[in-house]
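Observations on the model geometry
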Amino acid sequence: MEEQKYQGQREHMVKKHLIPRGIKDKRVLEAFYKVPRHLFVDPAQRHIAYGDHPLPIGLEQTISQPYIVALMTQSLELKGHEKVLEIGTGSGYQTAILAELAQHVYTIERLPFLSEKAKKILQELEYNNISFKVGDGTKGWPGEAPFDVILVAAATESVPSPLVEQLSTGGRMVIPVGDILVQNLVLVIKDEKDIEEQNLCGCRFVPLIRE
Ligand code: SAH
């Protein structure tokens, strides 16, 4: 019964907040129909887990709003074979979406409490293509580089250079760039010679904190 109720709420979220706003990648939409977002929020907030807004997840951090998670994911154009680096595990919700769509996800979170909590839920959901690390994600994960795709879920004034270095040629990175108030979601595409940057939209993320 409970599961059916949440399934209905997930469908409503996809049909009301994602499709009308331009999320059309079928695999991305499938992932949003499937991943139980309510399990990644505080039990007291499960009834509002599928609204299009961020929610607190403790320690002054937030789970991002579904539309932004979807937009970031769609811009990465995942096909299923990719090695992904995620900075800012947070609740682990975005991690689950990425794990549905790529081959392996390497996720870094600076706060051990959040990393542990996310790991527990993701293991209960039987994702076995995720590696977790506690630490400063601005340094990337050198031992596992290069990555086909990098997703950064916290805002920074400039793109950390280790992340550009650890992105493979032809790779895509999505990252919120700006100060605490005004940020742009930026898509970085790396080819043999150049780094191309595209602004996707305005956004508001918690700050990326460097060591
Ligand atoms: N995608 C997450 C959003 C988490 S908010 C979700 O949907 O739940 C951003 C997260 O980035 C926070 O948990 C914060 O602790 C983490 N963070 C901030 N700076 C970081 C850094 N330098 N390295 C790794 N994680 C960082």
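Residues numbered from 1 in each chain as written. Predicted model: local features only at pLDDT ≥ 70, side-chain atom pairs only at ≥ 80, totals over all residues. Heavy atoms only, no water.

**A word on the overall build of the chain**
- Counting its regular elements, the chain contains six helices and nine strands.
- Compactness check: the chain gives a C-alpha radius of gyration of 16 Å against a globular reference of 17 Å for 211 residues, within 12% of the reference.
- Within the chain, buried positions represent 51% of all 211 residues.
- Within the chain, residue pairs in contact and separated by at least 24 positions form 52% of the contacts whose partners lie at least 6 positions apart.
- Of the roughly 10,300 Å² of accessible surface on the chain, a fraction of 52% belongs to carbon and sulfur atoms.
- The average position of the 24 basic charges and that of the 28 acidic charges among the side chains of the chain differ by 4 Å. (Helix = DSSP H or I, 4+ residues; strand = E, 2+ residues; numbered from the N terminus. Rg over C-alpha atoms; globule rule 2.2 N^0.38 Å. Buried < 20%, exposed > 50% of the residue type's maximum accessible area, 1.4 Å probe, protein only. Contact = heavy atoms within 4.5 Å. Areas by Shrake-Rupley, 256 points an atom, 1.4 Å probe, with all protein chains shown as cover. Lys, Arg positive; Asp, Glu negative; His and termini not counted. Charge placed at Lys NZ, Arg CZ, Asp CG, Glu CD.)

**Section: the pairing of strand β8 (residues 183-190)**
- Burial of β8 is extensive: seven of the eight residues sit out of reach of the surface.
- Hairpin connection from strand β7 (residues 167-178) to β8: four residues lie between these consecutive antiparallel strands.
- As paired strands, β8 and strand β9 (residues 195-203) are joined by eight bridges and run antiparallel to one another. Within β9, the position partnered with Leu187 by the bridge is Gln198.
- Hairpin connection, β8 to β9: the antiparallel pair is bridged by four residues. (Pairing = 2+ DSSP bridges.)

**Notes on helix α2 (residues 26-34)**
- Listed as buried for α2 are Val28, Leu29, Ala31, Phe32 and Tyr33.
- Where α2 starts, the residue carrying a side-chain oxygen 3.0 Å from the main-chain nitrogen of Arg27 turns out to be Asp25. (Polar contact = N/O pair within 3.5 Å; in protein donor to acceptor, adjacent residues only side chain to side chain.)

**Details of the environment of Gln65**
- Within the element layout of this structure, Gln65 appears in the loop between β2 (61-63) and α3 (66-75).
- Assessed through its relative accessible area of 21%, Gln65 is described here as partly exposed.
- Measuring from C-alpha to C-alpha, the distance between Gln65 and Asp52 comes to 5.4 Å, with 13 residues separating the pair along the chain.
- Beyond its immediate chain neighbours, meaning those up to four positions away, Gln65 contacts Arg21, Arg37, Asp52, His53 and Pro54.

**Regarding the nonpolar core**
- Ranked by internal contacts, the top residues of the largest apolar core, which has 50 residues, are Phe32 and Tyr93.
- When residues of this core are traced back to their parent elements, those giving at least two are α1 (2-18), α2, β1 (55-58), α3, α4 (93-101), α5 (112-124), β6 (147-152) and β9.
- In this structure, Tyr93 is in contact with Met13, Phe32, Val35, Arg37, Phe40, Ile63 and Val69, ignoring residues within four places of it in sequence.
- The next biggest cluster of nonpolar side chains, apart from the first, holds 16 residues, and it includes Leu85, Ile108, Trp141 and Phe147. (Core = buried A, V, L, I, M, F, W, Y, C linked by side-chain atoms within 4.5 Å.)

**Concerning unusual backbone geometry**
- A cis geometry characterises the amide bond from Ala145 onward to Pro146, with omega recorded as 0 degrees.
- Even without a glycine there, the phi angle at Leu59 is positive, about 50 degrees.
- The topology assignment puts Leu59 in the loop between β1 and β2.
- Overall, Leu59 belongs to the partly exposed group, its relative accessible area being 48%.
- The backbone of Glu60 sits at a positive phi, close to 65 degrees, despite the residue not being glycine.
- Structurally, Glu60 can be placed in the loop between β1 and β2.
- When its relative accessible area of 75% is taken as the criterion, Glu60 is described as exposed.

**As for the site of the ligand**
- Neighbouring the ligand are 25 residues, the closest being Ser91, Glu109, Asp136, Gly137 and Ile209.
- One of the side-chain nitrogen or oxygen atoms of Asp136 is found 2.9 Å away from a nitrogen atom of the ligand.
- Contacts to the ligand include Gly137, whose backbone N or O atom sits 2.8 Å from a nitrogen atom.
- In isolation the ligand exposes 580 Å². Once the protein is present, 99% of that is buried.
- Counting residues per element, the shell around the ligand draws most heavily on β2, which supplies three residues.
- For the shell around the ligand, the residue count by class is 11 nonpolar, 11 polar and three charged. (Near = heavy atom within 4 Å. Nonpolar A, V, L, I, M, F, W, Y, C, P; charged D, E, K, R; others polar.)

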